[in-house]
Amino acid sequence: MKKLTLLVMMGIIFVIGCGKNTKIEKENNNTVKETGFPIKTTAGTEIPTFTLTDLDGKTYDSKKLMDNGKKTLFVMAAEWCPHCKNEMPSIQQFYDENKEKVNIVVIFTHANSSLDAVKKYISENGYTIPAYYDADGSVLNGLGVQGFPFNIKVDGTKIEKTLELPVDYGKLASEFAQ
């Protein structure tokens, strides 16, 4: 009888646990569906319109930032990532010298981070690049980013190509001269 009671209790716990996970997945799927994510980050893929939030909390429509006749360097980064720290000075230099010709969109992840940590990193390093914060991970998850930094070249709202790492100023200048 004790075994039967234990089995019934385990079954109930299992059903309750699965029900909660299913609800969370549905909520995430609904959010993803509404924004057009997830997408494959291959050449020719259309990037759906989504909302970006800068480090001061102001929101921007991604399409307005990227679909303005200029190509876009789209970067997913983390302030704690050693490779991101290595490439960020090159991105800043590229931005300083090309901001009239190329859009720069640098989105910092919420993964293992916080908005305050990102603000501190940007401020301490004197960066003036257009920086945004992905507080809920929707862009990170929607693009299927598996590692940082993640750099893509975008033409309008279509991915032109994923940039191979490492990315430095010379590589960016050469890539966007085309």
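Structure shown above.
Residues numbered from 1 in each chain as written. Predicted model: local features only at pLDDT ≥ 70, side-chain atom pairs only at ≥ 80, totals over all residues. Heavy atoms only, no water.

(A) How the structure looks around the nonpolar core. Formed by 45 residues in total, the largest nonpolar core has its most connected members in Phe74, Met76 and Phe108. At the level of elements, strand S3 (71-77), helix H3 (82-98), strand S4 (102-109), helix H4 (115-125), strand S5 (131-134), helix H5 (138-142), strand S6 (150-155) and helix H6 (169-177) are the ones that each hand at least two residues to this core. At six residues, the largest contribution of residues to this core is made by S4. Beyond its immediate stretch of four places on either side in the chain, Phe108 contacts Ala77, Ala78, Glu79, Met88, Val118, Tyr121, Ile122, Ala131, Tyr132, Tyr133 and Asp134. (Core = buried A, V, L, I, M, F, W, Y, C linked by side-chain atoms within 4.5 Å. Buried < 20%, exposed > 50% of the residue type's maximum accessible area, 1.4 Å probe, protein only. Helix = DSSP H or I, 4+ residues; strand = E, 2+ residues; numbered from the N terminus. Contact = heavy atoms within 4.5 Å.)

(B) The arrangement of the environment of Val154 in detail. Note that Val154 resides in strand S6. The class of Val154 is buried, set by a relative accessible area of 0%. In sequence terms Val154 and Lys71 are 83 residues apart; their C-alpha atoms lie 5.7 Å from each other. In contact with Val154, other than residues within four places in its own chain, are Ile47, Lys71, Thr72, Phe74, Ile159 and Glu160.

(C) Just the pairing of S6, in detail. For S6, the tally of buried residues reaches five of six residues, placing the bulk of the element in the interior. When S3 meets S6, the two strands line up antiparallel, connected through six bridges. In the sheet register, Val75 faces S6, and the bridge partner there is Asn151. As paired strands, S6 and strand S7 (residues 158-162) are joined by four bridges and run antiparallel to one another. Paired with Asp155 across the two strands is Lys158, which belongs to S7. (Pairing = 2+ DSSP bridges.)

The quantities given are spatial measurements derived from coordinates; they are silent on function.
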